[in-house]
Amino acid sequence: QQQVKQSPQSLIVQKGGISIINCAYENTAFDYFPWYQQFPGKGPALLIAIRPDVSEKKEGRFTISFNKSAKQFSLHIMDSQPGDSATYFCAASIRTSGSRLTFGEGTQLTVNP
Amino acid sequence: NAGVMQNPRHLVRRRGQEARLRCSPMKGHSHVYWYRQLPEEGLKFMVYLQKENIIDESGMPKERFSAEFPKEGPSILRIQQVVRGDSAAYFCASLSDRGGNIQYFGAGTRLSVL
């Protein structure tokens, strides 16, 4: 019940295209959903996050869509750039319970020039 | 304000040796989380500590692994009698004392067990 399922495992997009990564969760107690970006040899860095009281959050080219009834959320990267090539992790936590993060398996994104 | 500092960045140990991984959180952060990332996998929670206290160790293996966060100095993740299966990247993250939800990650320690 603590799992977060992420898909696809890998994604190849052309420059300027839209990258879409999906996540699904089981535990309805989760109330914080961040996305992290990780470059090779580096630690994860927070990209954008959402709480379940909103259905969408946009920051620049990055948008999270959240569907509470379906227990799903997704990351959309508009106008994808080669510099966006990285591994993306969705995660979930319960803010009042120590905030430990439960991560998805990761999506390796490659944006071709 | 320096970020989360982890050292060493790379650590090589032979089977049966001990590994000590250190994490210095950001200034003003007394909450530390340790995560393990196996090759081609996501990060898995191990332990959550707050100065001198272990808050949640539900992700820690029952044997050979321990963690501490003393009043002074960095948090330490200790792995005794390492085995090849311990080879992984170990990340720590810190959370501000002011509240909020953002965990800031260090660059990780990559442990290789020969």
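So, how was this worked out
Residues numbered from 1 in each chain as written. Chains lettered and ligands numbered in written order. Predicted model: local features only at pLDDT ≥ 70, side-chain atom pairs only at ≥ 80, totals over all residues. Heavy atoms only, no water. Helix = DSSP H or I, 4+ residues; strand = E, 2+ residues; numbered from the N terminus. Rg over C-alpha atoms; globule rule 2.2 N^0.38 Å. Buried < 20%, exposed > 50% of the residue type's maximum accessible area, 1.4 Å probe, protein only. Lys, Arg positive; Asp, Glu negative; His and termini not counted. Charge placed at Lys NZ, Arg CZ, Asp CG, Glu CD. Contact = heavy atoms within 4.5 Å. Buried area = accessible area lost by both parts, 1.4 Å probe. Salt bridge = Lys/Arg side-chain N within 4 Å of Asp/Glu carboxyl O. Polar contact = N/O pair within 3.5 Å; in protein donor to acceptor, adjacent residues only side chain to side chain. Nonpolar A, V, L, I, M, F, W, Y, C, P; charged D, E, K, R; others polar. Core = buried A, V, L, I, M, F, W, Y, C linked by side-chain atoms within 4.5 Å. Disulfide = S-S within 2.5 Å. Pairing = 2+ DSSP bridges. Axes fitted to C-alpha atoms, helices over the stretch in contact; angles between N-to-C directions.

Novice: Residues and numbers for the overall build of chain B, please.
Specialist: Secondary structure assignment for chain B yields 0 helices and 11 strands. Reading the helices (α) and strands (β) of chain B from amino to carboxyl end gives β-β-β-β-β-β-β-β-β-β-β. Taking 114 residues into account, the globule formula puts the C-alpha radius of gyration at 13 Å, and chain B, at 13 Å, falls close to it. In terms of overall dimensions, chain B has C-alpha extents of about 40 × 25 × 25 Å along its principal axes. In chain B, buried positions account for 46% of the 114 residues. Once the 17 positive and 11 negative side-chain charges of chain B are each reduced to a mean point, those two points are 6 Å apart.

Novice: Go over the interface of chain A and chain B, please, and point to the residues and values.
Specialist: Contacts between chain A and chain B engage 18 residues on the former and 20 residues on the latter. Note on chain A versus chain B: buried area summed over both sides is about 1,500 Å², and carbon and sulfur give 52% of it. Here Arg100(A) and Asp56(B) are joined by a salt bridge, their closest N and O atoms 3.4 Å apart. Counting across the chain A and chain B interface gives 8 residue pairs in polar contact (both at pLDDT 80 or more). Grouping the amino acids of the side of chain A that touches chain B by side-chain chemistry returns 7 nonpolar, 6 polar and 5 charged.

Novice: Outline the nonpolar core, supporting the account with residue identities and numerical values.
Specialist: Among the nonpolar cores identified, the biggest contains 24 residues, and Phe33(A), Trp35(A), Phe73(A), Leu75(A) and Tyr88(A) are the most heavily contacted of them. If you list the elements that add at least two residues to this core, you get strand E2 (10-14), strand E3 (19-25), strand E4 (33-38), strand E5 (45-50), strand E7 (62-67), strand E8 (72-77), strand E9 (86-92) and strand E11 (107-112) of chain A. Of all hydrophobic cores here, the second largest spans 23 residues; its members include Met26(B), Phe65(B), Phe69(B) and Leu77(B).

Novice: Outline the state of the cysteines, supporting the account with residue identities and numerical values.
Specialist: Working definition: the covalent bond between the sulfur atoms of two cysteines is a disulfide. Residue and element names in this part refer to chain A. Applying the stated rule across the entire model yields 2 disulfides over all chains. Across the disulfide from Cys23 sits Cys90; the S-S distance is 1.9 Å. Its S-S torsion of approximately -95° makes the covalent link between Cys23 and Cys90 left-handed. Placement of the pair is Cys23 in strand E3 and Cys90 in strand E9, with a sequence separation of 67 residues.

Novice: Lay out the sheet that holds strand E6 (residues 56-59) of chain A in plain terms, naming residues and giving numbers.
Specialist: All names here are of chain A. Taken in spatial order, the 5 strands make up an open sheet running E1-E3-E8-E7-E6, and their pairing is antiparallel. Strands at the two margins of the open sheet, each flanked by one partner only, are strand E1 (4-7) and E6. Each strand axis lies, on average, 15° off the axis of its neighbour in the sheet, ignoring direction. The sheet contact formed by E3 and E8 spans 6 bridges and is antiparallel. Across the sheet, the residue bridging to Ile21 is Leu75, located in E8.

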